[in-house]
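Remarks on the overall topology
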Amino acid sequence: MSGTDRIVAEAAELVRTEGTALLERMLLIRRFEDAVQRLFQRGEVHGTTHLYSGQEAGAVGVCAALRPGDRAAGTYRGHGHALALGVDPQGLMDELLGRDTGVCGGRAGSMNVVDLEHGLVGCFGIVGGSIAAVTGVALAFQRRGIEHVAVAFFGEGTSNQAYFAECLNFAQVLRLPAVFVCENNRYMEFTPIEEVTAGDIVARAEALGVWTRTVDGMDVQAVHAGASEAVAHARAGEGPAFLQTLTYRFVGHSRSDPGAYRKPGELDEMRRRDPLAVERARLIEAGTADESELDELEGRVARRIDEVVERALAAPFPSADAGMREYKESGAA
Amino acid sequence: MAELEFRDAVRDALDEELARDEAVVFFGEDVARPGGVFAVTGGLQERHGSMRVFDTPISELAIAGAAFGAAISGLRPVIEIMFGDFLFLAMDSLANQAAKYWFVSREQASVPLVVRSAVGAGGRFGAIHSQMPVPWFQGIPGLKIVAPSTPRDAKALLKAAIRDENPVLFLEHKRLYALKGEPGDDGEVAQLGRANVVRTGSDLTIVSAMKGVHDVLAAAEQLATEGIDAEVVDLRTLRPLDRDTVLESVRRTNRLMVVEEGPRTGGWAGGVLADVTEDALEYLDDAWRLTTADAPIPYSPPLEDAFLPSAESIVASVHEHLNTRPVNSSA
């Protein structure tokens, strides 16, 4: 099927914002990542993996500001981006376990997941790749006269990549409906970002005349509010928007990282600002839900992920020849 | 019938495909209003509008990335990377994004994207504006590489490239832009991956592409006057390679020479030799290649001329391998 045909197949299950919906989606991501960590340690998830734990408010807050038909691209830390867009946790877990039933049939793995039906252009394992893809998706939306926006998630380390400088300028001069979401979790892999970055990241976007906003990335409501503005700006044809979320990851950069570079006490301090706890406290304070209802919600999400894991472990692997034969017969170069 | 100039063939193919399919867009550095530094794309913006034909910043990575993202979102972008040497700046998007997307997505979306680029030496552009980027790209599954030698092929193959669902690297040899030749039939679309036997012969098969085909044909004319009858194969597409046409020819002539403008190490000529050696060893009396040296391309005219394959060096190489003597040779 061509890209032209694919674009009409859009049925993204987008995040609702009312009630406990945002908390539930963040819980889903946290429990999913916990499970991925366990499965990695058991040797069921292969290669490497980068967890989104601690950063859930970013993807969930941003994706809640999107409409069906909008698209987003994630990074190698992309499970949260995928789940926030509505990608089926079963298809994603099956993919991570290399199963035939995975959303990409086990071809992609953790860092390269694509699910266009849910608006996921892809997760891009090379830093900055999401920015490039989204620049092009936004170009297609604009040139085809479609009022959709395309969102690129990327880390703060991406601000030192050629993609960042080239694509932000490209998008701004063409006034593309793109939203660039810089998830600033303070560390470029193992290195504090300030040690390798001159000046201010947001100022780089401002220098191009790009609309910018910085929000508390540990607060899903703050992210959602900022993202709604950013998306509205882009959708109105005013050009790209740049949203920085100040966030933190509770786990290492990747599987092999104990996080020894963290500043003393920093992890404990940020865990007290856990976006799940922040949102839970807000819901109770506002009387939207009580403790027992939220405990019940947490239990429900945990059971759902348990089921996902059980099914994924039972799912078939792709057959060694059929999997690649299908590709070769598909008309690929 | 009026002859068609190579650069006009490229422009006509773009013009016709832009007119045929509104999903086709074309962008690059100085391609729209200025009409391209090689005067190939003038008038396209006037005819098709600035929403579909437009100039970009000097940002090869962004151009390629934008083309990739657009190709998976309903457009069929054609981009120009001004010189083949600049393709290296766009490598991540071309190699890691465009070429792999159909595969990693399990065929959720194809990437109908064409990268046009001016390549090749002989224009005194020096080491970094004259290269042949084929070896960099031939090892990337998911990409096609088209390399026309005539105006007719340039048009028919570019139209085919634009209609192909895969990312296609379309190489235009700079020394061919002013070449005139017979136009094809109206609306002709070639098939990618098919070589042409452009001269029949019985003594050896000489395989080449792009400008090399013309050098080989000139050499074959000279060799004919000396009693050596060369068959000439124009590959037209370097990936995928039309092995069958080459093999069929070699089985008749029993000798294979491959002429490649590009360094010997890692070049496509080595791949042709390997394919033929694997599949038709018993038919082979001799197989060799004529390439450039493993050195950067020099600037100074006598240095550059000596560096590149030419009709003369092809003739000399054939004589050396056939143990024959050139006519008028004092040796």
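Here the structure is a predicted model, which is why all the values come from computation and not from measurement.

1. Overview of empty space enclosed by the protein
Residue and element names in this part refer to chain B.
- One pass over the structure, following the stated rule, counts 5 cavities of 30 Å³ or more.
- What lines the largest cavity is Met132, His173, Ser208, Ala209, Met210, Lys211, Gly212, Val259, Glu260, Glu261 and Trp268.
- Only helix H7 (211-225) and strand S13 (255-263) provide two or more residues apiece to the lining of the largest cavity.
- By residue number, the principal contributor to the lining of the largest cavity is S13, which donates 3 residues.
- Partitioning the lining of the largest cavity into residue classes produces 5 nonpolar, 3 polar and 3 charged.

2. Quick word on the packing of aromatic side chains
- Tallied over the full model, the rule gives 18 aromatic pairs over all chains.
- For the pair Tyr187(A) and Tyr248(A), a centre-to-centre distance of 6.4 Å together with 70 degrees between the ring planes defines the contact as edge-to-face. With a gap of 61 residues between them, Tyr187(A) in strand S5 (residues 187-188) and Tyr248(A) in the loop between strand S8 (241-246) and helix H10 (266-271) connect regions that are remote in the sequence.
- Tyr248(A) gets classed as buried once you look at its relative accessible area, which sits at 0%.
- Through a chain of ring-to-ring contacts, three or more aromatic side chains come together here, namely Phe6(B), Phe38(B), Phe83(B), Phe86(B), Phe125(B) and Tyr177(B).
- Taking the ring centre of Phe317(A) as reference, the NZ or CZ of Arg99(A) above it sits at 4.0 Å.
- Above the ring of Phe54(B), the side-chain terminus of Arg143(A) is found at 4.4 Å from the ring centroid.

3. As for the environment of Val10(B)
Residues and elements named next belong to chain B.
- As for its placement among the helices and strands, Val10 is situated in helix H1 (residues 6-20).
- When its relative accessible area of 0% is taken as the criterion, Val10 is described as buried.
- Along the chain, Val10 and Phe88 lie 78 residues apart, while their C-alpha atoms are 23 Å from each other.
- Dropping the residues within four chain positions of it, Val10 is found in contact with Val40, Arg116, Ala154, Leu158 and Glu172.

4. Comments concerning the interface of chain A and chain B
- On the chain B side, the residues contacting the 45 residues of chain A number 43 residues.
- Of the roughly 3700 Å² buried where chain A meets chain B, counting both sides, 60% is carbon and sulfur surface.
- For the chain A face of the interface with chain B, the top three residues by lost area are Arg107(A), Arg143(A) and Ala333(A), together amounting to 18%.
- Between chain A and chain B we count 3 salt bridges in total.
- Contributing elements (two or more residues each) for the side of chain A that touches chain B: helix H1 (3-6), strand S2 (120-124), helix H6 (129-143), helix H7 (162-173) and helix H13 (320-328) of chain A.

5. So, the domain arrangement of chain B
All names here are of chain B.
- Here the domain parsing of chain B yields domain 1 (4-181) and domain 2 (196-322).
- Centre-to-centre, using C-alpha coordinates, domain 1 lies 26 Å away from domain 2.
- Counting from both sides, the interface comprises 33 residues of domain 1 and, opposite them, 24 residues of domain 2.
- Buried area between domain 1 and domain 2, both sides added, is near 2300 Å², and the carbon and sulfur share of it is 58%.
- For the pair domain 1 and domain 2, the interface holds 3 salt bridges.
- For the pair domain 1 and domain 2, the interface holds 16 residue pairs in polar contact (both at pLDDT 80 or more).
- Those elements giving two or more residues to the side of domain 1 that touches domain 2 turn out to be helix H5 (134-138), strand S6 (144-146), helix H6 (151-163) and strand S7 (168-173).

6. Some remarks on the pairing of strand S2 (residues 24-28) of chain B
Residues and elements named next belong to chain B.
- Across the 5 residues of S2, 5 count as buried, placing the element largely inside the fold.
- The alternating pattern of S2 places Val24, Phe26 and Gly28 and Val25 and Phe27 on opposite faces, both of which are buried.
- Relative to strand S4 (residues 76-83), S2 runs parallel, the two sharing 5 bridges. The partner of Phe27 across the bridge, within S4, is Ile79.

7. What to know about the pairing of S8(A)
All names here are of chain A.
- Within S8, 5 of the 6 residues are buried, which leaves the element mostly enclosed by the surrounding structure.
- Of the strand pairs in this sheet, strand S4 (residues 178-184) and S8 are connected by 6 bridges, and their pairing is parallel. Across the sheet, Cys182 pairs through a bridge with Gln244, a residue of S8.
- As defined by bridge partners, strand S7 (residues 211-216) adjoins S8 across 6 bridges and the pair is classed as parallel. Within S8, the position partnered with Thr212 by the bridge is Phe242.
- Taken together, S7, helix H9 (residues 220-235) and S8 constitute a β-α-β crossover, and its handedness is right-handed.

Analysis parameters
Residues numbered from 1 in each chain as written. Chains lettered and ligands numbered in written order. Predicted model: local features only at pLDDT ≥ 70, side-chain atom pairs only at ≥ 80, totals over all residues. Heavy atoms only, no water. 1 Å grid on protein atoms, 1.4 Å probe; cavity = no way out; pocket = protein on both sides within 12 Å on 5 of 7 lines; lining within 4 Å. Points joined across faces, edges and corners; volume = space filled by probe spheres on them. Helix = DSSP H or I, 4+ residues; strand = E, 2+ residues; numbered from the N terminus. Nonpolar A, V, L, I, M, F, W, Y, C, P; charged D, E, K, R; others polar. Phe/Tyr/Trp six-rings, centres within 6.5 Å; stacked < 30°, edge-to-face > 60°. Buried < 20%, exposed > 50% of the residue type's maximum accessible area, 1.4 Å probe, protein only. Lys NZ or Arg CZ within 6 Å of the ring centre and 35° of its normal. Contact = heavy atoms within 4.5 Å. Buried area = accessible area lost by both parts, 1.4 Å probe. Salt bridge = Lys/Arg side-chain N within 4 Å of Asp/Glu carboxyl O. Domains from an automatic or database assignment. Polar contact = N/O pair within 3.5 Å; in protein donor to acceptor, adjacent residues only side chain to side chain. Pairing = 2+ DSSP bridges. Right-handed = clockwise from strand over helix to strand, strands pointing away.

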